[in-house]
Amino acid sequence: MGDAKVTDELRATVRDELPEISEIRNVRLRDKVVEAWATALAASSFSAIGEIPPSGNPDTRRLSSGTQTDHMRGVARLAMRIADELKDIFPALPVKRDILVAGALCHDVGKPWEFDPVNQARWQASPGATGFPSIRHPPRGVHVCLTVGLPEEVAHIAGCHSGEGELVQRSLEATIVHHADYTFWHVLAAGGMMDDGKAE
Ligand SMILES: [Fe+2]
């Protein structure tokens, strides 16, 4: 992930921004979620998740109030409710809750890369040479997750929560995060909570 230094200050910022981390029972998994975000931020121009523009993609409309942190928390909370409510009615539903929460919190861990204004300017200057973007946030998220030692199931959620997931069969947990993610943007857009701009 380059030479960027992952500091304790950055780890503390991530813990403060994402209180839903406490829903993960496995302490090592919890720490790796923090490490993933701190590592992704350290390699970017951002020093907090809340500094990343609050949209699904760099060129789609933004929340009119609220932050990218609210997106991560909202998706994690929606994902937990989907799993818990359906498990209440269908106890056999084989949801791995720790993987689900870790995956929901990390699904956009590639955004510090894709949304970075330095990268955006670089790609825009020469799209034929670099691609635009060179790598979208889902595959970048896979790289971050595997670099910090998160399990394959969490990397799969980061990689397949969006359009890339249409090329594969999503896991149960990735399916839940995918729908929680789209629900977040579509419900808030329908409620007039997003700026005008290109549709999601
Ligand atoms: Fe998202």
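Structure's up top.
In this report, we go over the structure that sits alongside the text. The structure displayed is predicted, hence computed values, not measured ones.

## A few points about the overall build of the protein chain
Stage number 1. A count of helices and strands for the protein chain gives 10 helices and 0 strands.
Stage number 2. From first element to last, N terminus to C terminus, the protein chain shows the α and β order α-α-α-α-α-α-α-α-α-α.
Stage number 3. Over its C-alpha trace the protein chain gives a radius of gyration of 16 Å, about what one expects of a compact globule, namely 16 Å for 200 residues.
Stage number 4. Taken along the three principal axes of its C-alpha coordinates, the protein chain extends 55 × 40 × 35 Å.
Stage number 5. Across the 200 residues that make up the protein chain, the buried fraction comes to 46%.
Stage number 6. Pairs at least 24 apart in sequence give 67% of the contacts found in the protein chain among residues at least 6 apart.
Stage number 7. Summing over all exposed atoms, the protein chain offers an accessible surface of approximately 9500 Å²; the carbon and sulfur share of this is 54%.
Stage number 8. The averaged location of the 28 negative side-chain charges in the protein chain is 3 Å from the averaged location of its 21 positive side-chain charges.

## Quick notes on the coordination of the iron ion
Stage number 1. Protein coordination at the iron ion: the donors are His 71 (NE2), His 107 (NE2), Asp 108 (OD) and Asp 181 (OD), at 2.1 to 2.3 Å from the metal.
Stage number 2. Angles of 81 to 171° at the metal separate the 4 donor atoms of the iron ion, which places the site in the irregular class.
Stage number 3. A relative accessible area of 0% means that His 107 is categorised as buried.
Stage number 4. What makes Asp 108 buried here is its relative accessible area of 1%.

## Structural notes on the layout of surface pockets
Stage number 1. Quantified by volume, the largest pocket comes out at close to 160 Å³.
Stage number 2. What lines the largest pocket is simply Asn 57, Pro 58, Asp 59, Glu 114, Gln 120, Phe 132, Pro 133 and Arg 136.
Stage number 3. For the lining of the largest pocket, a count of residues per class yields 3 nonpolar, 2 polar and 3 charged.

## Quick word on the environment of Phe 184
Stage number 1. Here Phe 184 is to be found in helix 10 (residues 172-190).
Stage number 2. A residue is classified by how much of its surface remains accessible, and Phe 184, at 9% relative accessible area, is buried.
Stage number 3. Sequence-wise, Phe 184 and Asn 57 are 127 residues apart; in three dimensions their C-alpha atoms are separated by 14 Å.

## A short note on the side chain of Glu 114
Stage number 1. Mapped onto the fold, Glu 114 is located in helix 5 (residues 111-114).
Stage number 2. Buried within the structure, Glu 114 lacks any salt-bridge partner; Arg 136 is the closest side chain of opposite charge, at an N-O distance of 4.8 Å.
Stage number 3. In terms of polar contacts, Glu 114 uses its side chain to reach the side chain of His 137, at 2.7 Å.
Stage number 4. Sequence-distant contacts of Glu 114, that is, excluding residues within four places in its chain, are made with Pro 58, Gln 120, Trp 123, Pro 133, Ile 135, Arg 136 and His 137.

The rules behind each value
Residues numbered from 1 in each chain as written. Predicted model: local features only at pLDDT ≥ 70, side-chain atom pairs only at ≥ 80, totals over all residues. Heavy atoms only, no water. Helix = DSSP H or I, 4+ residues; strand = E, 2+ residues; numbered from the N terminus. Rg over C-alpha atoms; globule rule 2.2 N^0.38 Å. Buried < 20%, exposed > 50% of the residue type's maximum accessible area, 1.4 Å probe, protein only. Contact = heavy atoms within 4.5 Å. Areas by Shrake-Rupley, 256 points an atom, 1.4 Å probe, with all protein chains shown as cover. Lys, Arg positive; Asp, Glu negative; His and termini not counted. Charge placed at Lys NZ, Arg CZ, Asp CG, Glu CD. Donors = N, O, S within 2.8 Å, 3.2 Å for Na, K, Ca; no water. Tetrahedral: all angles 85-135°; square planar, octahedral: opposite > 155°, others 65-115°. 1 Å grid on protein atoms, 1.4 Å probe; cavity = no way out; pocket = protein on both sides within 12 Å on 5 of 7 lines; lining within 4 Å. Points joined across faces, edges and corners; volume = space filled by probe spheres on them. Nonpolar A, V, L, I, M, F, W, Y, C, P; charged D, E, K, R; others polar. Salt bridge = Lys/Arg side-chain N within 4 Å of Asp/Glu carboxyl O. Polar contact = N/O pair within 3.5 Å; in protein donor to acceptor, adjacent residues only side chain to side chain.

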